[in-house]
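Chain by chain, the residues run as shown.
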Amino acid sequence: MTTSLITGASSGLGAAFARRLASDGHALVLVARGRERLEAIAAELREQRGVPVEVLVADLATDDGIAAVEARLSDPERPVDVLVNNAGFGNRGGFLDVPVSDELRMLKVHCEAVLRLTAAAVEQMRVRRRGYVVNVSSVAAFMPRGTYGASKAWIVHFTEGTAHELRGSGIRFLALCPGFVRTEFHERAGMDATRLPSWAWLDADNVVSTALRDLARGRTLSVPDPRYKLAVSLARHLPPRLYAAASTRTGRTYDPKAG
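This text gives an overview of the structure that appears in the document. The model shown is predicted, which means the values in this text are computed figures rather than measured ones.

1. Brief notes about the overall build of the chain
Point 1. Regarding its fold elements, the chain presents nine helices and nine strands.
Point 2. Within the chain, buried positions represent 50% of all 259 residues.
Point 3. Put simply, 69% of the contacts in the chain that link residues at least 6 apart link residues at least 24 apart.
Point 4. Surface exposure of the chain reaches about 12500 Å², of which carbon and sulfur atoms provide 52%.

Below you can see the structure in the form of structure tokens.
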């Protein structure tokens, strides 16, 4: 049976990945900070999908949390075939408004954890000459939007670079870059998502379906929905200062401090 490990699995895109992969018959290892919600999702999937579900409580903003997941991924007796690095969060406010400690915590989750968990998983996948890694980034990766955008850009470059270096290994890599998805992400970050127009929102289950389809096709970058594909194309071709100004205006419009 194929086994998939998903970080940030207690809500949002992580939970959507868990539902979809369980429906596809995968055994699951669900990783998140909070045990209660994680256990509830695991029990639901065991009952509804009839697949084995393991719970691993770990805070990826800490060395101990990352090490716990690394150990699970490195266990040759319990191989993981699919890794979904989904854990992440946003900070409200501009660069000088956010404590440096919070920015460093974000970099640890978005960059260090992704690097270390990918390395642990790929070591075992390379031996078996088969495996899949999905690293969840964002369309913010293509926009000059502070630490969050920079960390998500790192995920894209890291994923594409690793895919290039390990071509022919039997391992597929995908950087998933969605736009605004209906999850708890913005609420947790203190952002007023109610001010966004309805057309801007994506459905989490549809995002996951697009990602898995692109992964199966061998693509290394997935941008769900034509609207966001256009936004990424513009970001790549417009002068950075123009796109930065537009991105900043958008951020101010939907930042709760603007209301």
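2. Observations regarding the sheet that holds strand β6 (residues 171-176)
Backbone hydrogen bonds are what pair the strands of a sheet, in a parallel or an antiparallel way.
Point 1. An order of β3-β2-β1-β4-β5-β6-β9 is seen for the seven strands of this open sheet, with the pairing classed as parallel. One side of each edge strand has no neighbouring strand; the edge strands of this open sheet are β3 (53-57) and β9 (221-222).
Point 2. Note: strand β4 (residues 82-85) against strand β5 (residues 131-136), four bridges, orientation parallel. Bridge pairing in β5 places V84 opposite V134.
Point 3. Of the strands in this sheet, β1 (3-7), β4, β5 and β6 are in contact with helix α4 (residues 100-128), which crosses β4 at around 175°.
Point 4. Packing of helix α5 (residues 146-165) onto the sheet brings it into contact with β5, β6 and β9, and relative to β6 it is tilted by some 160°.

3. Topic: the pairing of β5
Point 1. Most of β5 sits inside the fold, with five of its six residues counted as buried.
Point 2. Remark: the β4/α4/β5 crossover connection has right-handed handedness.
Point 3. Pairing analysis gives six bridges linking β5 to β6, with the strands arranged parallel. Counted as the bridge partner of Y132 is R172 from β6.
Point 4. Following the chain from β5 across α5 to the adjacent parallel β6, one finds a crossover that is right-handed.

4. A short note on the environment of V98
Point 1. Following the sequence through the fold, V98 ends up in the loop between β4 and α4.
Point 2. By relative accessible area, which is 9% here, V98 ends up buried.
Point 3. With near-sequence residues (within four places) excluded, V98 lies in contact with N91, R92, G93 and E103.

5. So, the side chain of K152
Point 1. Secondary-structure assignment places K152 in helix α5.
Point 2. For K152, which is buried and forms no salt bridge, the nearest opposite charge comes from E103, at a distance of 13 Å.
Point 3. Setting aside anything within four residues of it in sequence, one finds K152 in contact with H110, V136, S137, S138 and A141.

6. Let's talk about the packing of aromatic side chains
Point 1. Inspection of every chain in the model, using the stated rule, returns one aromatic pair.
Point 2. Seen from their ring centres, W154 and F158 are 4.8 Å apart, and the 5° between their planes marks the pair as stacked. Of this pair, W154 and F158 both sit in helix α5, four residues apart, which is roughly one turn of the helix.
Point 3. Exposure remark for W154: the relative accessible area of 30% places this residue in the partly exposed category.
Point 4. Accessibility expressed as a relative area gives 16% for F158, which makes it buried.
Point 5. Above the ring of F89, the side-chain terminus of R105 is found at 4.7 Å from the ring centroid.

7. Points about the packing of α4 against α5
Point 1. Put simply, α4 and α5 touch, their axes get as near as 9 Å, and they point 10° apart. Here α4 lies roughly parallel to α5, going by the angle between them. For the pair formed by α4 and α5, the contact residues are E103, M106, L107, H110, C111, V114, L115 and T118 on the first element and T147, Y148, S151, K152, W154, I155 and F158 on the second.
Point 2. When the residues that make up the contact of α4 with α5 are grouped by side-chain class, the tally is nine nonpolar, four polar and two charged.

So, how was this worked out
- Residues numbered from 1 in each chain as written.
- Predicted model: local features only at pLDDT ≥ 70, side-chain atom pairs only at ≥ 80, totals over all residues.
- Heavy atoms only, no water.
- Helix = DSSP H or I, 4+ residues; strand = E, 2+ residues; numbered from the N terminus.
- Buried < 20%, exposed > 50% of the residue type's maximum accessible area, 1.4 Å probe, protein only.
- Contact = heavy atoms within 4.5 Å.
- Areas by Shrake-Rupley, 256 points an atom, 1.4 Å probe, with all protein chains shown as cover.
- Pairing = 2+ DSSP bridges.
- Axes fitted to C-alpha atoms, helices over the stretch in contact; angles between N-to-C directions.
- Right-handed = clockwise from strand over helix to strand, strands pointing away.
- Lys, Arg positive; Asp, Glu negative; His and termini not counted.
- Salt bridge = Lys/Arg side-chain N within 4 Å of Asp/Glu carboxyl O.
- Phe/Tyr/Trp six-rings, centres within 6.5 Å; stacked < 30°, edge-to-face > 60°.
- Lys NZ or Arg CZ within 6 Å of the ring centre and 35° of its normal.
- Parallel < 35°, antiparallel > 145°, perpendicular 65-115°, else oblique.
- Nonpolar A, V, L, I, M, F, W, Y, C, P; charged D, E, K, R; others polar.

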